[in-house]
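# Structural features, examined
Now for the letters of each chain:
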Amino acid sequence: MNTQETIEMMRSVAHAMVQSEPMLTKFDQAIGDGDHGLGIERGFSNVEAMLDESFSAADVGQVLQKIGTKLLSTMGGASGAIFGTLFRAGAKSIAGAPQLTTEALAQFLTAGLTAVCQRGGASEGDKTMIDALAPAARKAAELAELEFEQAIAQVVEAAEQGVEQTKEMVATTGKAKTLGERSLGHPDPGAISMSLILKFMAEHVDAKVAV
Ligand code: ADP
Ligand code: MG
């Protein structure tokens, strides 16, 4: 997928993330302070507006880096820093890439994961977006030889399984940690957002194939 196609895909991801606000709000009301949906809506509506016809970028890395900067400056909350860091650090690792291949995606997710863990101090099993991101990064690395369009559905599946697993976890970080055991049974809202970003990539790719 070239730079222009990546811009188009990320525009449709941003649009769909904005539409997901009510669902994300509901999940953050269950175990957090209820603002995650609004943060995602704010961040990704700014991203969608940025990725208009006049937007240009030299390469795929720059598209993702500009998205990260926009999220960091507009989203707010703990997750603004977290998702901003994912995109910026991930993008830095594929700076200059002319194509979004599965290998580039794997590199993006892996470097993003490392940076998110450093920035927020959480790790896998702490009931955060890391629990969707880490399995997605591993699956992308495993499928690095496949075309992006062929691999993305399985990467989504790995992230969604990660979301399922967060239901069994007790939050030890962020606002949900005050709930302790009461966070059991509920998925982590940030993990849901992480899996949705990947899912909307896959849906965009599928919609293009269907045309
Ligand atoms: P806030 O916690 O400031 O209210 P949001 O509600 O927007 O922020 O986002 C909460 C989500 O952010 C959580 O569901 C979790 O996935 C993610 N998150 C919070 N803290 C961390 C962290 N230290 N590392 C990774 N993800 C985190
Ligand atoms: Mg919150």
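Description of the structure in this document.

### What to know about the packing of aromatic side chains
- This structure, assessed with the given rule, holds one aromatic pair.
- On the basis of an interplanar angle of 70° and a centroid distance of 5.5 Å, the ring pair of F87 and F108 is categorised as edge-to-face. Linking F87 in helix α5 (residues 77-93) with F108 in helix α6 (residues 102-120), this pair joins segments that are 21 residues apart in sequence.
- Residue classification places F87 among the buried positions, given a relative accessible area of 1%.
- It is K26 that lies over the ring of F27; its NZ or CZ is 4.5 Å from the centre.

### As for the nonpolar core
- By size, the foremost hydrophobic cluster in this structure holds 63 residues, and its most contacted members are I67 and L109.
- At the level of elements, α1 (3-19), α3 (36-50), α4 (60-74), α5, α6, α7 (130-142), α8 (148-166) and α9 (189-210) are the ones that each hand at least two residues to this core.
- Per-element tally for this core: the top contributor is α9, with ten residues.
- Those residues in contact with L109, other than ones at most four positions away along the chain, are L133, A136, A137, A140, V155 and M194.

### Some points on the layout of surface pockets
- By volume, the second largest pocket amounts to about 160 Å³.
- Along the walls of the second largest pocket sit M23, F27, E160, V163, E164, K167, P187, I192, S195, L196 and K199, which together make up its complete lining.
- Broken down by secondary-structure element, the contributors of at least two residues to the lining of the second largest pocket are α2 (21-31), α8 and α9.
- Among the elements that line the lining of the second largest pocket, the one with the most residues is α9, at four residues.
- Looking at the lining of the second largest pocket residue by residue, the classes come out as six nonpolar, one polar and four charged.

### Focus: the coordination of the magnesium ion (ligand 2)
- At the metal site, the magnesium ion (ligand 2) is ligated by D28 (OD), D33 (OD) and D35 (OD), and these contacts range over 2.0 to 2.7 Å.
- Each donor residue of the magnesium ion (ligand 2) belongs to the same chain, with the gaps between them written as D-x4-D-x1-D.
- Residue classification places D33 among the partly exposed residues on the basis of a relative accessible area of 40%.
- The partly exposed category is assigned to D35, whose relative accessible area is 36%.

### Description of the environment of A140
- For A140, the position within the fold is in helix α7.
- Looking at A140, the relative accessible area reads 0%, which means it is buried.
- Excluding residues that lie within four positions of it along the chain, A140 makes contacts with T102, L105, A106, L109 and V155.

### Regarding the packing of α1 against α4
- Running from amino to carboxyl end, α1 crosses α4 at an angle of 25°, the nearest separation of the two axes being 8 Å. Considering their axes alone, α1 and α4 lie roughly parallel with respect to each other. In this structure, α1 meets α4 at a crossing whose hand is right-handed. Residue-level inspection shows T3, T6, I7 and M10 of α1 in contact with α4, the latter providing V60, V63, L64 and I67.

### Some remarks on empty space enclosed by the protein
- Under the definition given, this model contains two cavities of 30 Å³ or more.
- Of the pockets and cavities examined, the largest cavity occupies roughly 40 Å³.
- Around the largest cavity sit L86, F87, L105, F108, L109, M194, I197, L198 and M201, which together line it.
- Of all the elements in the fold, those that place two or more residues in the lining of the largest cavity are α5, α6 and α9.
- The element that contributes the greatest number of residues to the lining of the largest cavity is α9, accounting for four residues.
- Counted by class, the lining of the largest cavity contains nine nonpolar, no polar and no charged residues.
- Size it by volume and the second largest cavity reaches roughly 30 Å³.
- Looking at the second largest cavity, the residues that line it are L64, F87, L100, L105, F108 and M201.
- Grouping the amino acids of the lining of the second largest cavity by side-chain chemistry returns six nonpolar, no polar and no charged.

Conventions used here
Residues numbered from 1 in each chain as written. Chains lettered and ligands numbered in written order. Predicted model: local features only at pLDDT ≥ 70, side-chain atom pairs only at ≥ 80, totals over all residues. Heavy atoms only, no water. Phe/Tyr/Trp six-rings, centres within 6.5 Å; stacked < 30°, edge-to-face > 60°. Helix = DSSP H or I, 4+ residues; strand = E, 2+ residues; numbered from the N terminus. Buried < 20%, exposed > 50% of the residue type's maximum accessible area, 1.4 Å probe, protein only. Lys NZ or Arg CZ within 6 Å of the ring centre and 35° of its normal. Core = buried A, V, L, I, M, F, W, Y, C linked by side-chain atoms within 4.5 Å. Contact = heavy atoms within 4.5 Å. 1 Å grid on protein atoms, 1.4 Å probe; cavity = no way out; pocket = protein on both sides within 12 Å on 5 of 7 lines; lining within 4 Å. Points joined across faces, edges and corners; volume = space filled by probe spheres on them. Nonpolar A, V, L, I, M, F, W, Y, C, P; charged D, E, K, R; others polar. Donors = N, O, S within 2.8 Å, 3.2 Å for Na, K, Ca; no water. Axes fitted to C-alpha atoms, helices over the stretch in contact; angles between N-to-C directions. Parallel < 35°, antiparallel > 145°, perpendicular 65-115°, else oblique. Left-handed = near helix turned anticlockwise from the far one by under 90°.

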